[in-house]
Structures are given as C-alpha cells and as structure tokens.
Amino acid sequence: MSFPDLLKIPKIDKLGVQEIVNRFCKRSIKTSAKKHGLHLALSMIDLTTLEGKDTTDKVRRLCYKASHLHNSLQGLPNVAAVCVYPTLVRVAKKELEGTKINVASVATAFPSGQSTLDVKLSDTKFAVNEGADEVDMVISRGKFLAGEYNFVYDEIAAVKEACGKAHLKVILETGELDTLDNVRKASDIAIYAGADFIKTSTGKISPAATMPVTFVMLNAIKDYYKKTGIKIGMKPAGGISTAKIALQYLVMLNETLGYDWMNKDLFRFGASSLANDVLMQLQKQESGYYQSLDYFSKD
Amino acid sequence: MERIDVLKTYKIFIGGKFPRTESGRYFHVKNDTGELLANMCLSSRKDFRNAVVAARKVQKSWESASALNKGQVLYRIAEMLEGRKSQFMDELMMSGSSKIAAKKEVEQSIDRLIYYAGWSDKFQQIFSSVNPVASSHFNFSVPQAMGVVSVIAPNKFSLLGLVSVVAPVIVGGNTCIVLSSEENPMVSISFAEVLNTSDVPHGVVNILTGKRKELISHFASHKDVNAIIYCGHNNKELNEIEKLSVENLKRVKIYKRKNWGDQKNQSPYFIERSQEIKTIWHPTEV
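Conventions we followed
- Residues numbered from 1 in each chain as written.
- Chains lettered and ligands numbered in written order.
- Predicted model: local features only at pLDDT ≥ 70, side-chain atom pairs only at ≥ 80, totals over all residues.
- Heavy atoms only, no water.
- Buried < 20%, exposed > 50% of the residue type's maximum accessible area, 1.4 Å probe, protein only.
- Helix = DSSP H or I, 4+ residues; strand = E, 2+ residues; numbered from the N terminus.
- Arc of directions from axis to C-beta.
- Contact = heavy atoms within 4.5 Å.
- Axes fitted to C-alpha atoms, helices over the stretch in contact; angles between N-to-C directions.
- Parallel < 35°, antiparallel > 145°, perpendicular 65-115°, else oblique.
- Nonpolar A, V, L, I, M, F, W, Y, C, P; charged D, E, K, R; others polar.
- Right-handed = clockwise from strand over helix to strand, strands pointing away.
- Pairing = 2+ DSSP bridges.
- Salt bridge = Lys/Arg side-chain N within 4 Å of Asp/Glu carboxyl O.

Participant: Would you mind going over helix α9 (residues 235-245) of chain B with me for this structure?
Facilitator: The periodicity of an α-helix, 3.6 residues per turn, causes residues three or four places apart in sequence to face the same way. All names here are of chain B. Buried within α9 we find Glu-237, Leu-238, Ile-241, Leu-244 and Ser-245. Seen along its axis, α9 keeps its buried residues to an arc of 140°; they face one direction. Among the exposed residues of α9, those oriented more than 90 degrees off its buried face are Asn-235, Lys-236 and Lys-243. Next to the buried residues of α9 lie α8 (212-221), β8 (227-231) and β9 (251-255).

Below, the structure written as structure tokens:
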C-alpha cells in the first residue's frame, strides 16, 4: 500500500452533500421493510461503554445485554460487538465466550491520541493480547491539521502492524477536522495506510457522527473500491440514538455503496442507546402500542 | 386603500414549539351559522408520540422544581392570560359565546389558575399522613406526581375546561399532552401561546388539535403515559380507554361534569387525582 495522491482527492461541495443527504432522509420505510431494516441495524451495533467510571460490573452488564437484547421478542439478532477500554477487554471476552459477539477495544491513547508512538503501540498490543478482536484507534488530529500527513499515515500503518489479526478501525474524529475536505483527506490516508474500517468519532466530541460526514467517508470507500476492488468498512459513531436515524444511515449506505455493504462485516453503528430505541420500535411493530423505556433493560 | 386582514395560522404545541402537524392534514372549524373560522391541524398519532417524548424528557426536572416555583409559574400564566383577555373573549365569541359568557369564562380561567397556584405548596400537607403501625417504624405517606398524563379536554368550555383540568395536573409535578376541544380548538392554541410566554418549561404542557375518534386509542395505549384524564360522556370512548389503559396499568380518571364554571369544579382533590401516594417505612429505635 502506498501513500494516497493528495492532489487527486476530489474537492467536496458542502451544499451538494447536504442536498443529497436530505434526500436520503425522505424514504418511506414501512412494515416488513422497516422490520428488516431494524433487525439489520441491531446486528450492526457496537454496544459501547467508554467512560472513566466503567467498572467490571458495568462491562458484564453490557455483555449480558449484548447477548440477551430483549428476550420477549423472538428471532432477534445479536449485536455485532461490545466496545470497551483495553483494561476491560479480558472481562468482556470472558463474558462473551461462546457467543459470536466480538470484543472491540479502543486504543492509542483514546480519545485524544496525544501520546508517543511507543505508548500507542504498546496500548494496541496490550488490547490484542487481552483478546480484542477489533481495535479502534484514533488518529493524531493535531498533526493532521498541521499538515503532517506522512506522520499520520505512518502511525496508522504502525498500529495496523501491531494489531496482527485483529481488525483495525481508524477513528478520524471528524468533529475536530472542521471541513468535509479534511474528512475526505483523512479518510483516504487511513484507508491507504491499512484501515479495515474507518470510523467517524470517539463520541467524546460534539458534533459526533453526522450524515454529511458519513456520506463523504462512504464515497472515499467507494473510490477506493473502484480502484482496488478492496472493500473497506464504515462505522459512524456517536449521536445515532434513534431507530429512525439508523434507518436513514442504512438508506444512505445502500444507495451509496450498495447491498454488499449491508452487513456487520462492513458497516457498524457505534452507539449505546440506539439498541433500546430499535427494540422499542420492534416491540411497537409487534404489539401496535408505543413503548416506554420502563420496560427495557437499562444500558 | 383597504387593508387586508392578517389571519392567524393555528398550529399545534409540542415541546415549546409550534409545529404544523406531521401528517400535513387539517380540518375546518365553523361557527353555529356554518361560517369558516379557521383551519386547524388534524394531529396524527405521530404528533402525539412526539409530544410524549417532549413531556417525558422534562417530567423529572419539572417534578423536582420547588413548590414555590411551580406556583409562581402558574401565577405567571394567569398574569399573561389577564393581559390577553380581549383576544380570548373574541375567540370565544366567534364560536358562539355571548359577550357576557365569554368574559365570565376568561375571568374564571384566570381565577382558577391563581387558585391552583396557591395550592402548589399546600396540597402535600392535606394528602400526607403519618400512619400508626405496630412495628418500630416511623410510617408516613406522601403524594407524588404520576408522571406523564394524557388529557382529553372537555368539548364545551374550551378554555375554562382546559385550564380546570390542566392546572391541577401540572401543579402536582406532572407533564401532560392535551387533546383540545374538538368544537372550539382555537382558544386552546392561543392558550398555548400564553403558556409559551409564561416560564412554563418546554414540554410540560403540549397541546394537540384533532379528532377524538382518531387519537383516543393512542392517548390510552401509549406505554410511556402513566395516567389518562377523560372529560366527556361517550360510553364507547370510555370503554376503549379503559380497555387499552390496562396494557400498562395506566390510571384512568373520568370527569363527567357539564358545567366547568361551577365553583365545585375547583378543589385540591383535582390535584390529588394525578398523584400517587408513596408510603415510607422508616426504622426507629424500639
């Protein structure tokens, strides 16, 4: 893999992107299509807890929720993964033994990424050794904004190597990149440096995932696929809290990259409260009554 | 040159905003002689759902606001209503009230708000008790807000009826979603404008206009609604409400009153109807 030709990266028309994205939000998805979409969304969720106050019990609870979403509804899929800090990977791994749910771990001095490469690499290796199936790294936004693209590229490549067999998701933290042009540039750098997935945000900065940003990233994936035939995954994270928004993202995914991407191997939602909202919608489809969070497990 | 009157667009009131109905539908409101008075939003179940979300979001913080504060907010509503008395009288007269009746209805509405504002820090004492028990416990009961309440407002007395039902609900720390009078919904939306300028936190009162026939089942079945207040006499509607409310053990309160102007229709017991009684067992020394 080589460094992308930054001169050939297309410029982004911000208003045009907004227009296209608005159209994705107007599709009418009802009854059986809605149910299918909601099931799909559930199966793509990375159930996430990334707080300073996380304890082993909190992670155990989350893992239990991941494998028992809502027992009174029949035929529900599992979520794709549970996403935790490196020190809690072992706990999650043990809890999820025997399920097909992956354990994802953030690494590389998450969420700021302000640390030395050595620290970042040992952080990554620690997470992988603890049993993480997927690693979510953050890029050095400061260096990126200062124009040190080679530094960012090399760092991603080094972390990719440290991951070994674990899948690498690269968090661009688009809320700090200011422009869509920067988002596109960072996407290309991450993809060319070896990312398996590109991810919008840490969830610690507002705005987190937005549809325009995701659309730009999906197009970077599309162009890369056209050029090389390799499929890169996408993970919008943060701020996607309702089933309605999740369905709009799926519409955008389907109409930008096509049905090949409509599975958990190539698309994920990083979210914590989304699962409950999707479950409430499914239960509403089932019973006909609007639901209350009182009847669903707390995250 | 003759001036063209600017007519008001009546919209609905959800979470402190005045959106049009999500459904894009409307219905005609006419006076006794069949003259068109206004186009009103024909709210859909999705408007109701959005209103419940708004009401749920603010419920805890409204409940935990101090009694004094809640009383002040109610008093403020009365102040704002007083200042717009003539507008409300006009709207009531448009739909057939006499001038005397309209004036009386608006003034009684203001007085009723003041009445419940006064009760904000007093009803707790009346409905609380210390209970004698055989064990070594200090046992006491206190009223607590039920949560989110859906309200089917009276058809007659479109302003006074609405105020008489909503004021005791909110002064007790509940938030509500109101379906306004079907016959004269205009005053209810003007009342929403009053609420919106009276320091009532957004979402505490949400007002929809539309048809009972369409909305009652959703008002009664939504599982995030803790209680429903129904004003009317239609047994078929009552039956439906009772049946659907069972789903989440919603508390059903029915007001069959005809004359909301009667002084008997204001009392602290109206507040009590949307309160739960919580009993606490506190260990004491033997």
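Participant: Can you walk me through the packing of helix α2 (residues 31-43) of chain A against helix α10 (residues 243-256) of chain A in this structure?
Facilitator: Each pair of packed helices can be described by the angle between their axes along with the distance between the axes. All names here are of chain A. Across the interface, α2 lies against α10 with an axial gap of 10 Å and an inter-helix angle of 90°. With respect to α10, the axis of α2 lies roughly perpendicular. For the pair α2 and α10, the contacting residues are Lys-34, Gly-37, Leu-38, Leu-40 and Ala-41 in the first and Ala-243, Ala-246, Leu-247 and Leu-250 in the second. The class makeup of the residues in the contact of α2 with α10 is 7 nonpolar, 1 polar and 1 charged.

Participant: Explain the pairing of strand β4 (residues 134-138) of chain A to me, please; I cannot follow it from the model alone.
Facilitator: Regular strands have side chains that alternate between both faces of the sheet. Residue and element names in this part refer to chain A. Among the 5 residues in β4, 5 count as buried, and that is most of the element. Running through helix α5 (residues 117-130), the crossover from strand β3 (residues 102-107) to the neighbouring parallel element β4 is right-handed. Relative to strand β5 (residues 167-171), β4 runs parallel, the two sharing 5 bridges. Its bridge partner being in β5, Val-135 is matched across the sheet by Leu-168.

Participant: Is there a simple way to think about the pattern of salt bridges in this case?
Facilitator: A side chain with one charge can pair with a side chain of the opposite charge if their charged atoms come near. Across all of its chains, the model carries 35 salt bridges over all chains by this definition. A salt bridge links Lys-235 of chain A to Asp-46 of chain A, with the shortest nitrogen-to-oxygen separation between them at 2.8 Å. With Lys-235 of chain A in strand β7 (residues 233-235) and Asp-46 of chain A in strand β1 (residues 45-48), this pair connects stretches of sequence that are 189 residues apart. There is no split in this pair, since Lys-235 of chain A and Asp-46 of chain A are both buried. With a closest N to O distance of 2.8 Å, Glu-193 of chain B and Arg-84 of chain B form a salt bridge. Here Glu-193 of chain B is found in helix α7 (residues 186-196), whereas its partner Arg-84 of chain B is found in the loop between α2 (67-83) and α3 (85-94), with 109 residues between them in sequence. One network of salt bridges, with partners in common, ties together Asp-46, Glu-134, Asp-136, Lys-169, Lys-199, Lys-235 and Arg-268 of chain A.

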